[in-house]
Amino acid sequence: MTITNTATNTSTTISREQWGSRFGYLMAIIGAMVGAGNIWRMPYVTGENGGGAFLIAYFVLLYLIAVPGLMGETALGRYTRQGLIGTFRKVYGNNRMVGLGLVILVFNIVLMSYYSSVVGWSIYYAYHALIGTFTQTGFDTAALWQSFSHNKVLNIGMHTIAMLMVTGILLLGIKGGIERMAKWMMPILTIALIAIAIRGLTLPGAMAGLEFSFSPNWEYLARGQTWLAALGQALFSTGLGWGIALTYGSYLGRNDDIPLGGGLFTAVGNTSFGLLAVFAVFPIVFAFGISPTSGPELAFVALASAFGSMTGGYVWALLFFAGFFFANLTTALAITEVGVTTCKEERNIPRSRAVLMICGLIWLLGIPSAINADILGYLDFVLGNWGLPLATFIIMITIGWKFDANRLRILSLNRGSDLYIPSAWEATVRYQIPLIMLGIMAYFLYSNLGEAPLKTLSGLFVLMLMIPLCMGVMKRRLEGQDSQHVAGGRLS
Amino acid sequence: MSFSAIVVMVSSMLALWGVATLAMIYSMRQEDRKLTLLKEQGDFEPFSPAAQRDIEDWLARHPDGDEAREMRELLECQRQAMQNNARHFYPWPSIGAERQ
């Protein structure tokens with residue numbers, strides 16, 4: 001249920017689509033955050049960083065940073081009821097600082113340009129699971145992955161199919177497209193992972209996988225690397241500060257709850273899928289004696305091979321790859337929606353046109369990543385290390401200092417909330433998260449400069465250039481609007 | 001599996017699946033209550049007692065300007081909703097008897 005209460009609105013209320021139900025919003029926001037990283041990264045990172053010790057560090061950071069941060073981002077979106085650039089305009093005024101919103105928008109579009117390839121991979125593997133490829137006798141999954149990776153035409157084709165799917169769903173709107181899909185896909189993903197976990201746990205040797213994941217090596221808690229890995233997983237997995245929670249929050253009703261649904265459930269629910277993936281993936285990995293790893297090879301080579309060797313492998317492979325595809329698709333919808341909402345508002349055009357423009361742009365920009373995995377890797381390196389932390393830094397500074405965290409908490413966060421948020425929340429948004437983001441960017445710079453100086457410096461150069469460039473674009477746009485107004489005034 | 005791994009595993013399940021499930025059920029039930037109030041009386045108060053106190057404290061500290069006007073409007077909405085509606089969404093100690 002989404003509450004609309006125009007009688008109590010004090011801010012400008014524009015005609016705006018809203019989520020059709022509470023369950024729909026919760027599934028959409030959780031679908032936005034649960035992606036490939038939850039399934040192919042979380043189990044491995046947990047096991048590699050001290051198991052239980054990592055989970056403790058992770059929980060601390062999740063509750064101290066991700067939950068409060070998501071609350072703030074959603075509350076700002078619900079307050080302004082605008083997309084990224086509209087929100088920045090409302091907060092900073094109509095000036096060049098609105099360019100900061102454009103910076104985050106550009107990051108989202110670039111992120112989606114290569115994430116579309118990941119969605120394409122999952123479509124390709126879901127198709128192979130459907131036709132029973134993995135259960136063929138003596139089938140070589142490594143060879144399939146190699147041939148797929150090197151087939152440029154096929155990769156462009158899968159990228160195109162992925163973007164066509166995203167376009168089709170987004171054309172149906174927030175309620176009829178994103179919400180309707182998420183309401184089906186997320187429960188199916190949950191059931192699929194539970195079923196695979198139950199099957200995996202019955203395999204001989206499966207317990208070693210759980211031992212690897214959960215056995216606590218307490219000395220890891222004293223290592224900075226454990227906390228950094230936990231921080232990276234907590235921040236990147238929840239998508240904090242990328243504009244997604246802000247955009248989805250802008251479609252909430254004035255008196256809908258934010259702290260419990262938009263904050264706690266989003267962050268903890270997202271991690272719950274990571275935990276479910278630990279149960280679904282690692283018992284199988286250990287039962288089949290596969291070397292634990294993360295990334296595409298885990299899903300597309302190791303697990304595909306394991307499913308092929310299991311009794312009833314067809315069903316398990318289909319469940320896993322269909323679920324994996326759903327997880328990736330719901331994330332892709334969210335990342336693209338950030339651009340669609342903003343484009344629709346800024347250009348004052350119908351939603352369908354904004355969808356076609358943004359999806360077309362992403363498709364075009366995504367072709368190099370679909371053709372060349374090195375380009376995909378480079379973009380992921382730059383965005384993951386600095387782009388997304390910078391986006392989070394910008395949004396948190398905007399909430400904490402420019403808008404004023406105290407004011408946002410009173411005006412929006414605690415309005416219609418199921419959970420009262422005290423003033424302690426403000427310090428987290430003002431100091432904790434921005435400082436941590438600066439620390440992360442500095443650490444990544446320090447750790448990558450020696451190993452990959454060219455990649456690091458070129459990436460940083462482009463990112464640093466992006467801020468003045470976007471500010472300049474917004475300033476020119478503003479000047480253009482002013483001159484149009486003057487001309488319009490003279491004519492009238 | 002070792003005892004410590006079992007403890008961590010069960011704790012993680014409670015801290016994640018337990019909290020997420022409870023949060024989802026509680027949140028959906030609360031929003032259903034809001035919908036019922038909207039259907040029955042067309043409105044309900046948007047702020048809890050603690051949240052209302054925050055608005056009043058903020059206005060005491062910043063009595064002037066556009067932002068104060070926005071806060072005053074919110075407070076006025078809250079007061080009207082409290083006066084006009086027999087049933088309230090948040091628990092209000094002083095009107096507990098009236099609610100029953």
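The structure displayed is predicted, hence computed values, not measured ones.

### Here we look at the overall build of chain B
1) Next: When you go through chain B residue by residue, the secondary structure sums to four helices and zero strands.
2) Next: The secondary structure elements of chain B, listed N-terminal to C-terminal, are α-α-α-α.
3) Next: Rg of the C-alpha trace for chain B: 20 Å, well past the compact-globule value of 13 Å for 100 residues, more than 25% over.
4) Next: Burial statistics for chain B: of 100 residues in total, 43% are counted as buried.
5) Next: In chain B, of all internal contacts separated by at least 6 residues, the share reaching a separation of at least 24 is 55%.
6) Next: Working note: accessible area of chain B is about 5,700 Å², and carbon and sulfur atoms make up 56% of it.
7) Next: Distance from the positive charge centre (11 side chains) to the negative charge centre (15 side chains) of chain B: 6 Å.

### Some points on the pattern of salt bridges
1) Next: What the rule picks out here adds up to 14 salt bridges over all chains.
2) Next: Aspartate 404 of chain A is the partner of arginine 430 of chain A in a salt bridge, and the nearest nitrogen-oxygen pair spans 2.6 Å. With arginine 430 of chain A in helix α18 (residues 424–449) and aspartate 404 of chain A in helix α17 (residues 373–413), the pair connects residues that are 26 residues apart, well separated along the chain.
3) Next: The partner of glutamate 67 of chain B in a salt bridge is arginine 407 of chain A, with the nearest N and O atoms 3.4 Å apart. With glutamate 67 of chain B in helix α3 (residues 66–84) and arginine 407 of chain A in helix α17, the pair connects residues from two separate chains.
4) Next: Linked by salt bridges that have partners in common, Arg89, Glu346 and Arg477 of chain A make up one network.

### Points about the nonpolar core
1) Next: Ranked by size, the top nonpolar core spans 187 residues in total, and within it Phe214, Phe307 and Phe321 of chain A carry the most contacts.
2) Next: Ranked by the residues each element gives to this core, the list is headed by helix α6 (residues 99–130) of chain A, at 19 residues.
3) Next: Other than its neighbours up to four places away in sequence, phenylalanine 321 of chain A contacts Ser122, Tyr125, Ala126, Ala129, Phe134, Ala299, Phe300, Ala304 and Phe307 of chain A.
4) Next: Within the second largest apolar cluster, seven residues are counted, among which are Phe44, Met82, Tyr90 and Trp92 of chain B.

### Structural notes on the packing of aromatic side chains
Residue and element names in this part refer to chain A.
1) Next: Under the definition given, this model contains 39 aromatic pairs over all chains.
2) Next: For the ring pair tryptophan 19 and tyrosine 248, a centre distance of 5.0 Å and an interplane angle of 65° mean the geometry is edge-to-face. Here the residue tryptophan 19 occupies a position in the segment before α1 (22–33), and tyrosine 248 occupies one in helix α12 (residues 244–249), the gap between them amounting to 229 residues. There is no split in this pair, since tryptophan 19 and tyrosine 248 are both buried.
3) Next: Here tyrosine 125 and phenylalanine 134 contribute two aromatic rings whose centre-to-centre distance is 5.7 Å and whose plane-to-plane angle is 15°, an arrangement assigned as stacked. Pair check on accessibility: tyrosine 125 and phenylalanine 134 agree, each one buried.
4) Next: Here the basic side chain of arginine 223 rests over the ring of tyrosine 220, its NZ or CZ set 4.1 Å away from the ring centre.
5) Next: For lysine 455, the ring lying beneath its charged end belongs to phenylalanine 381, and the centroid distance is 4.6 Å.

### Examining unusual backbone geometry
All names here are of chain A.
1) Next: One non-glycine residue, arginine 81, lies in the positive phi region at around 50°.
2) Next: Examined against the element boundaries, arginine 81 turns out to sit in the loop between α4 (52–80) and α5 (84–92).
3) Next: In this structure, asparagine 348 is a non-glycine residue whose phi angle is positive, near 55°.
4) Next: By the element assignment, asparagine 348 lies in the loop between α15 (313–347) and α16 (351–371).

### Observations concerning the UniProt feature "transmembrane region" (unreviewed entry) in chain B
1) Next: UniProt's feature table lists "transmembrane region" (unreviewed entry) at residues 6–26 of chain B, given in the numbering used throughout.
2) Next: With 100% helix and 0% strand, residues 6–26 of chain B has end C-alpha atoms that lie 28 Å from one another.

### Brief notes about the interface of chain A and chain B
1) Next: In this complex, chain A contributes 48 residues to the contact, which on the side of chain B involves 44 residues.
2) Next: Overall, the association of chain A and chain B removes approximately 3,900 Å² of surface from exposure, summing both partners, and the carbon and sulfur fraction of that is 69%.
3) Next: Connecting chain A to chain B are three salt bridges.
4) Next: The partner of arginine 407 of chain A in a salt bridge is glutamate 70 of chain B, with the nearest N and O atoms 3.1 Å apart.
5) Next: For the pair chain A and chain B, the interface holds 15 residue pairs in polar contact (both at pLDDT 80 or more).
6) Next: Those elements giving two or more residues to the side of chain A that touches chain B turn out to be α1, α4, α10 (207–214), α13 (259–287) and α17 of chain A.
7) Next: Tallied by class, residues from the side of chain A that touches chain B come to 25 nonpolar, 15 polar and eight charged.

### Examining the side chain of asparagine 85 of chain B
Residues and elements named next belong to chain B.
1) Next: Mapped onto the elements of the fold, asparagine 85 is located in the loop between α3 and α4 (96–99).
2) Next: Here asparagine 85 falls in the buried class, since its relative accessible area comes to 5%.
3) Next: A polar contact is formed between the side chain of asparagine 85 and the backbone oxygen of aspartate 43, at a distance of 3.5 Å.
4) Next: In contact with asparagine 85, not counting residues within four places along its chain, are Gln41, Asp43 and Phe44.

### What about α1 of chain A?
Residues and elements named next belong to chain A.
1) Next: Along its 12 residues, α1 runs 17 Å from first to last C-alpha, staying within 8% of the 16 Å computed at 1.5 Å per residue.
2) Next: Here α1 lies mainly inside the structure; 11 of its 12 residues are buried.
3) Next: Buried within α1 we find Arg22, Gly24, Tyr25, Leu26, Met27, Ala28, Ile29, Ile30, Gly31, Ala32 and Met33.

What counts, and at which threshold
Residues numbered from 1 in each chain as written. Chains lettered and ligands numbered in written order. Predicted model: local features only at pLDDT ≥ 70, side-chain atom pairs only at ≥ 80, totals over all residues. Heavy atoms only, no water. Helix = DSSP H or I, 4+ residues; strand = E, 2+ residues; numbered from the N terminus. Rg over C-alpha atoms; globule rule 2.2 N^0.38 Å. Buried < 20%, exposed > 50% of the residue type's maximum accessible area, 1.4 Å probe, protein only. Contact = heavy atoms within 4.5 Å. Areas by Shrake-Rupley, 256 points an atom, 1.4 Å probe, with all protein chains shown as cover. Lys, Arg positive; Asp, Glu negative; His and termini not counted. Charge placed at Lys NZ, Arg CZ, Asp CG, Glu CD. Salt bridge = Lys/Arg side-chain N within 4 Å of Asp/Glu carboxyl O. Core = buried A, V, L, I, M, F, W, Y, C linked by side-chain atoms within 4.5 Å. Phe/Tyr/Trp six-rings, centres within 6.5 Å; stacked < 30°, edge-to-face > 60°. Lys NZ or Arg CZ within 6 Å of the ring centre and 35° of its normal. UniProt positions renumbered as here; feature names shortened; annotations may be inferred. Buried area = accessible area lost by both parts, 1.4 Å probe. Polar contact = N/O pair within 3.5 Å; in protein donor to acceptor, adjacent residues only side chain to side chain. Nonpolar A, V, L, I, M, F, W, Y, C, P; charged D, E, K, R; others polar. Expected span 1.5 Å × (residues − 1).

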